[in-house]
Every structure is written in structure tokens, then in C-alpha cells.
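# A closer look at the structure
Residue-level listing of the chains:
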Number of protein chains: 2
Amino acid sequence: MNVAVLFSGGKDSGLATLLLEPYFDEIELVTFSFGRDDAWKVAAAAAKELGHPHRKVVFENDVLERSLQILMDTGYPNDALDYVHQVAVESLAKECEFVADGTRRDDRAPKLSVSAVRSLEDRLHVQYLRPLAGLGVKTIKAMASRYLDFQEENSGKHPASDFEVGLRFALAERQGQREVERIFPSNHTHTRVIRRLDKCPKNS
Amino acid sequence: MNVAVLFSGGKDSGLATLLLEPYFDEIELVTFSFGRDDAWKVAAAAAKELGHPHRKVVFENDVLERSLQILMDTGYPNDALDYVHQVAVESLAKECEFVADGTRRDDRAPKLSVSAVRSLEDRLHVQYLRPLAGLGVKTIKAMASRYLDFQEENSGKHPASDFEVGLRFALAERQGQREVERIFPSNHTHTRVIRRLDKCPKNS
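So, here's what we can say about the structure.

## Things to note about the interface of chain A and chain B
In this assembly, 36 residues from chain A lie in contact with 36 residues from chain B. When chain A packs against chain B, close to 3200 Å² is buried across both sides, 51% of that on carbon and sulfur atoms. Linking chain A with chain B are four salt bridges, by the criterion used here. We note a salt bridge from R146 of chain B to D25 of chain A, for which the minimum N-O separation is 2.7 Å. Across the contact surface, chain A and chain B share 14 residue pairs in polar contact (both at pLDDT 80 or more). Breaking the side of chain A that touches chain B down by element, the ones donating at least two residues are α1 (11-20), α5 (114-124), β5 (127-129) and α6 (137-147) of chain A. The element best represented in the side of chain A that touches chain B is α6 of chain A, accounting for six residues. Residues of the side of chain A that touches chain B, tallied by class, amount to 20 nonpolar, six polar and ten charged.

Put into C-alpha cells, the structure is as follows:
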């Protein structure tokens, strides 16, 4: 069995990967980019640390256009994040039997609704996995810390390959930093996997 | 870090246990019983196969009384299952830092609401983990099959330590089989872990 994981290079998609490792023959780590910045390189380096093949996929141009439009129309990030995430999941679902991501129990966005998941799985004959869907923020941090050395960083200074950072960057480029500040919360941070501490999970 | 897992001896709580294994120092498998049947012995045998300590906890008498009352008042199983499950989770939460179960993405009951989880974690300073919360039925079967040999059984013939089977047994004893047939769906099956196929999860 092979699985493709939506991978930003942070601790969440990193832990999702580790949780699936013992159950899949091959794991491909896939980072989506708007093609406007080099943040995907951070994810590529983290993937190398984890020891899995990595691939970058650049969204079609109209995905960026539409998500910027949603951002400006709604004035908040969630609907645009949901849209971009859904495009990414569907894109992988067309070519893989199993698609996973690092979305967490307590995340508000991006999130696929129950009916969107059902539709995705039925239409595309894919299984969609959220290994962190039943774990709280504290648990995820504790579990990830067991095998990963990661840093928390300010997204304004250190770009990352998560969808929010990509949208912030593209919006700033197009509409200016003031529009970013109107729509997104201040002080967004993300994590970056620096090193894998232990290659082989301990087994009782 | 130590975790207590609500354990029926079936493939779901079995897979939940395997998923957590690399991240916790000690895992205790805990089976709740109404004290009316010996089904917990099946769970104890499965726990031995998995290689983790096992404990049986008998519910207080009034838990059985109240759940039978809910069953008869509502005429369907979900509210009673939710009640029994919540009592079990809260009971473990009072003594453990991490409490897990094998409830799945597609399960309707038992299920704690988002606010019930938040309240539980805040009141009792516990982390509640659902390792299968982001996995569909097909994925769970595929992942569990990698490490576990399990059987599907008819719950009428082969008792199990899941809450539904315990409630069916107690209701039949008290009110007769006809009441069970009125309230529960026919042909309930459960799984039973027979053997652990591989002690050490493969690591890429």
C-alpha cells in the first residue's frame, strides 16, 4: 500500500507521516506551491530528514486567482484555505489510493466536511486519512517531540509551505501588506522539522 | 508518557493501541464490564497477544440501571452507548494523563461531542486520544490486517467486550430477547484479535 501525504515540512504533517510509516510500503511527501516563492524547499529538506521521497506540485494559475478572490470577498482566511486544501486533496486523490494530511482535531480550517469526504472517497475511489484528527494540540506536540526536532517560526520572517503562508505571500505581492493584515490574524507562526531524532520508533 | 486505552479486544481498539505504541512508554489496556458476563476474558486474551498489561473495571451498578433505562426510553442504542462510553472515559480520565479509545471516523455512537471533549480535558487535566478518528472503515481494516489476525463474529453467539454487546446481554437478561430485537439492529457483529502477526512495526 502506498500513501501520498500533503506535506508542509512542519511538525503536524511530519507526525502524520510517522504515524503512517509502519503501515504503508511507500510514502510520498507532496508539497503544493503557488509558484510565487521558494518555501517548498523547506518542505523538501524536511522530507529528506524524514527519509521519504518528496514532490512539489504547482497549483494551476486559476487556483491562486480564485483563492485570492475568496480572501478578499470574505475578509477572512478560512474559506480560501478550505478551497485550496480541497483542490490539493482532490488532485492527489486522482492518482493515489490513499491520501493523507496533517490536519488536526482542533483546526478550524482547512477542513473537509463529512459530506465532502464521503463524496471524495466515492467519486475518486480514494481513502482519505487524517492521522491527527483525533488528537489535541498538546498530545500532538508531545508525540511529535518524541521523534522530531522542530522549530516554531514567525511566518512573516521565515516562509513555510503551508497554505496560509502561501496565501499571505501571494496576497501581499498582489494587494500589499495592509490587505494581509486586514484578512489574516497577526503573528502567524508555523513549525519546521529540523531533524529526525530516531529513525526507528521504539516498540514495546 | 503513559496511556490507558479503552479496549474491547477487537481490531479497532487493537489498531488504536498499535498506532500509539511507538509514542508511549507504557500502555494499559482497560476493559469495562457490567459484571454480568465473562466477555472481558476475550479482551484479556487479546491484550496478552498484543503484549500489554490488561485491567478489567466493573461499572457501578447504577450505570447499568441508567443505561437500560435510556435504552428502553429512547428505543434505540445510541444514547445509551454514548452514556456508557462517557462514564468509562471519565473514569479513566480521573487517574490517567492520556486516555484513548478505538472509536472511528464513521461511527455514530459512541461519540463524545466536541464540547464534551473540551470539558473533559479542561476539568480533568487529561488528553483524550482517538487514533482512528480520521480513518475510514476500509483504511482501518487494511492497516489492522498488517499486524493483527482478527476474526469477525456474530455477537449473539460469541460475546465480546464492546459496550453494545454488554448492553445487549444485560437487556436480554432483564427484559428478554424480544426487547433486544426491538431496540438493537439485527446481526450485530464484532471482531476479535486472535494473534499479533508481527511484534515490531516495519519502519521505512
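## Quick notes on the relation of the copies chain A and chain B
The transform that puts chain A on chain B rotates by 180° and translates by 0.0 Å along the axis, for an RMSD of 0.0 Å. What we have between these two chains is a two-fold relation. When C-alpha positions in chain A are compared against the rotation axis, the closest is assigned to A133 of chain A, at 2.8 Å.

## Thoughts on the packing of aromatic side chains
Residues and elements named next belong to chain A. Inspection of every chain in the model, using the stated rule, returns ten aromatic pairs over all chains. Each member of the aromatic cluster is reached from another via a ring pair, and the members are F32, F34, F59 and F163. In this arrangement the basic side chain of K11 is found over the ring face of F150, its NZ or CZ atom lying 6.0 Å from the centre.

## Things to note about the sheet that holds strand β2 (residues 26-33) of chain A
One key point about sheets: their strands pair by backbone hydrogen bonds, in either a parallel or an antiparallel sense. Residues and elements named next belong to chain A. Spatial strand order, β3-β2-β1-β4-β5: five strands in an open sheet with parallel pairing. Here the strands that pair on one side only, and so sit at the sheet edges, are β3 (54-58) and β5. Going across the sheet, the axis of each strand differs from the next one's by a mean of 25°, ignoring polarity. In this sheet, β5 lies alongside strand β4 (residues 98-100) in parallel orientation, the contact comprising three bridges. Note on β5: the bridge partner recorded for A100 is L129. The strands touched by α1 within the sheet are β1 (2-6), β2, β4 and β5, with β1 carrying the most contacts at an inclination of about 170°.

## Section: the nonpolar core
Counting residues in each nonpolar core, the largest one holds 56 residues, and the members touching the most others are L20, F24 and M143 of chain A together with L20, F24 and M143 of chain B. When neighbours within four sequence positions are excluded, M143 of chain B is seen to be in contact with L20, Y23, F24 and L129 of chain A together with L15, L19 and L135 of chain B.

## Digging into the packing of α1 of chain A against α6 of chain A
Residue and element names in this part refer to chain A. One can describe the packing of α1 onto α6 by two numbers: an axis separation of 10 Å at closest approach and a directional angle of 70°. Here α1 lies roughly perpendicular to α6, going by the angle between them. Both α1 and α6 take part in a crossing whose hand is left-handed. For the pair α1 and α6, contact is made by K11, D12, L15, L18 and L19 and by I140, K141, M143, A144 and Y147, respectively. Tallied by class, residues from the contact of α1 with α6 come to seven nonpolar, no polar and three charged.

Calculation notes
- Residues numbered from 1 in each chain as written.
- Chains lettered and ligands numbered in written order.
- Predicted model: local features only at pLDDT ≥ 70, side-chain atom pairs only at ≥ 80, totals over all residues.
- Heavy atoms only, no water.
- Contact = heavy atoms within 4.5 Å.
- Buried area = accessible area lost by both parts, 1.4 Å probe.
- Salt bridge = Lys/Arg side-chain N within 4 Å of Asp/Glu carboxyl O.
- Polar contact = N/O pair within 3.5 Å; in protein donor to acceptor, adjacent residues only side chain to side chain.
- Helix = DSSP H or I, 4+ residues; strand = E, 2+ residues; numbered from the N terminus.
- Nonpolar A, V, L, I, M, F, W, Y, C, P; charged D, E, K, R; others polar.
- Least-squares fit on C-alpha atoms with pLDDT ≥ 70 in both.
- Phe/Tyr/Trp six-rings, centres within 6.5 Å; stacked < 30°, edge-to-face > 60°.
- Lys NZ or Arg CZ within 6 Å of the ring centre and 35° of its normal.
- Pairing = 2+ DSSP bridges.
- Axes fitted to C-alpha atoms, helices over the stretch in contact; angles between N-to-C directions.
- Core = buried A, V, L, I, M, F, W, Y, C linked by side-chain atoms within 4.5 Å.
- Buried < 20%, exposed > 50% of the residue type's maximum accessible area, 1.4 Å probe, protein only.
- Parallel < 35°, antiparallel > 145°, perpendicular 65-115°, else oblique.
- Left-handed = near helix turned anticlockwise from the far one by under 90°.

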